[in-house]
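Residues per chain are reported as follows:
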Amino acid sequence: MREFFGFGGYQRPAEGFMSWQHLLFVTTLVVIMSVLAIFLGNKNRHSSPDAKNKVLVAAALLIDGFELFKIVLMCFRSEDALNWLYNLPLFLCSIQLITIPLAAFSHGRVKEAALDFVCIFGLLGAILGTYGAGNNYGSYPVLSFDNVVSGITHCISGFSALYILIAGMASMKKENILITFVILLCFCAAAYVANLLLPYNYMFLMAGDGTPYDILYGLVGGHAVLYPIGVIALFLLYISGFYGVYYGLHKKKQPVPAAA
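Reference entry: report on the structure contained in this document. None of these values were measured; they are calculated from a predicted model.

Cut-off values and rules
All residue numbers refer to position in the chain's written sequence, counted from 1. With pLDDT at 70 or above as the cut-off, local features in this predicted model cover only qualifying residues; side-chain atom pairs require 80 or more to be listed or tallied, and sums for whole chains, interfaces and linings still use all residues. The basis for the side-chain values is all heavy atoms of the structure; hydrogens and waters are excluded. We call a set of buried Ala, Val, Leu, Ile, Met, Phe, Trp, Tyr and Cys residues a nonpolar core when their side-chain atoms join them within 4.5 Å. Buried residues are those whose accessible area, probed at 1.4 Å on protein chains only, stays under 20% of the maximum for their type, while exposed residues exceed 50% and partly exposed ones sit between those limits. In DSSP terms, a helix is any run of H or I states spanning at least four residues, a strand is any run of E spanning at least two, and both are numbered starting from the N terminus. Any two residues having at least one pair of non-hydrogen atoms within 4.5 Å are treated as being in contact. For helices, the fitted axis covers only the stretch in contact; all axes are lines through C-alpha atoms, and the angles between them, taken along N-to-C directions, range from 0 to 180 degrees. Angular relationships are summarised with four words: roughly parallel below 35 degrees, roughly antiparallel beyond 145, roughly perpendicular across 65 to 115, and oblique for the angles in between. When the near helix sits turned anticlockwise from the far one by under a right angle, the crossing is termed left-handed; a clockwise turn instead gives a right-handed crossing. Between 30 and 60 degrees the pair is tilted, below 30 it is stacked and above 60 it is edge-to-face, where a pair is any two Phe, Tyr or Trp rings, Trp via its six-membered ring, whose centres lie within 6.5 Å. Consider the ring centre and the ring normal. A charge sits over the ring if Lys NZ or Arg CZ is within 6 Å of that centre and within 35 degrees of that normal. By this rule the span expected of a helix is its residue count minus one, scaled by 1.5 Å.

This brings us to the nonpolar core. Counting residues in each nonpolar core, the largest one holds 57 residues, and the members touching the most others are Leu56, Leu92, Ile164, Leu184, Met203 and Phe235. Elements that contribute at least two residues to this core include exactly α2 (20–44), α3 (49–77), α4 (96–105), α5 (108–128), α7 (145–166), α8 (177–197), α9 (213–219) and α10 (226–253). It is α5 that provides the largest number of residues to this core, a total of 8 residues. Among all residues touching Met203, those that are not within four sequence positions of it are Leu90, Phe91, Leu92, Ile95, Leu184, Cys188, Ala191, Val231 and Phe235.

Okay, here's the thing in structure tokens:
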């Protein structure tokens, strides 16, 4: 147990990014995530809004509970009293620690915007935080506290996104697009300021760190201005693309009016 939780540092070597151990572990998590979302989403599709919301309440409590436990443990096992500064919820996937609870506990326009945000970024975060997490799986053993909790929290985000879509809770109103942009840009600004002050690499705005962002980093030659702008531009393009695909699919499902 001491080795699993990383007290004194991990003694086992990391199996490596994209090793069979890495792929087997994250695929197992993603399959569980998908099966649960499909089952519960279909089960609650025609239920009352309150019944649908109970699943999101559970997801919100679980994702924040796991993340809080991780931060406390990491601070406890570190000799640096300021270690918590490097575990702030300022990664793209970390935004779900706030938006999933907002989707579960808020009302009105805020709830609609939070539900849409979780839909848009939940699945992306689940894939990037499991299959694309070269920074984690290249550094720690697959079955370690860091990777297990990271895998679980990312898959809770993916579960929430799938569940919201299948249960019919997403509004995807065009007037909420601006709110989604604002939420993301505020987090990017906070992450960039934190990166300059600490320094650190929140939202991967400074470097790719073994993630797919390395592709963009290489394309711009690691430029200190072009790289973070490029990362943010990709986020905004992804939001626009998601809405475009959603409306395209939704339009196809609309019944064709009968000829007079």
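Read on for the rest.
Moving on, we get to the packing of α2 against α7. Contact geometry of α2 with α7 gives a least axis separation of 8 Å together with a crossing angle of 30°. Compared by their axis directions, α2 and α7 come out roughly parallel. Here the hand of the crossing between α2 and α7 comes out right-handed. Contacts from Phe25, Leu29, Val30, Met33, Ser34, Leu36, Ala37, Ile38, Leu40, Gly41, Asn42 and Asn44 of α2 reach α7 at Asn147, Val148, Gly151, Ile152, Cys155, Gly158, Phe159, Leu162, Tyr163 and Ile166.

We now examine the packing of aromatic side chains. Remark: the centre distance and the inter-plane angle together describe each pair of aromatic rings, the angle taken between the planes. Tallying each qualifying case throughout the model produces 20 aromatic pairs. For the ring pair Phe69 and Phe145, a centre distance of 5.7 Å and an interplane angle of 80° mean the geometry is edge-to-face. Residue Phe69 is located in helix α3, and its partner Phe145 is located in helix α7; the two are separated by 76 residues in the primary sequence. Accessibility expressed as a relative area gives 43% for Phe69, which makes it partly exposed. Aromatic side chains Phe117 and Phe121 sit 4.9 Å apart centroid to centroid with 35° between the ring planes, which places their arrangement in the tilted category. Placement of the pair is Phe117 and Phe121 together in helix α5, with a separation of 4 residues, close to one helical turn. Judged on exposure class, the residue Phe117 and its partner Phe121 are both buried. One aromatic cluster is present, built from ring pairs that chain together Tyr86, Phe91, Tyr200, Tyr202, Phe204, Tyr213 and Phe235. Directly above the aromatic system of Tyr247 lies the positively charged group of Lys174, at a separation of 5.3 Å from the ring centroid.

This part covers α3. Turn by turn, an α-helix covers 3.6 residues, leaving residues three or four places apart pointing in a common direction. Given a rise of 1.5 Å per residue, 29 residues ought to cover 42 Å, and the 42 Å separating the end C-alpha atoms of α3 matches this to within 8%. Among all positions of α3, only Lys52, Asn53, Val55, Leu56, Ala59, Ala60, Ile63, Glu67, Lys70, Ile71, Leu73 and Met74 are buried. Of the surrounding elements, those touching the buried residues of α3 are α1 (2–5), α2, α4, α5 and α7.

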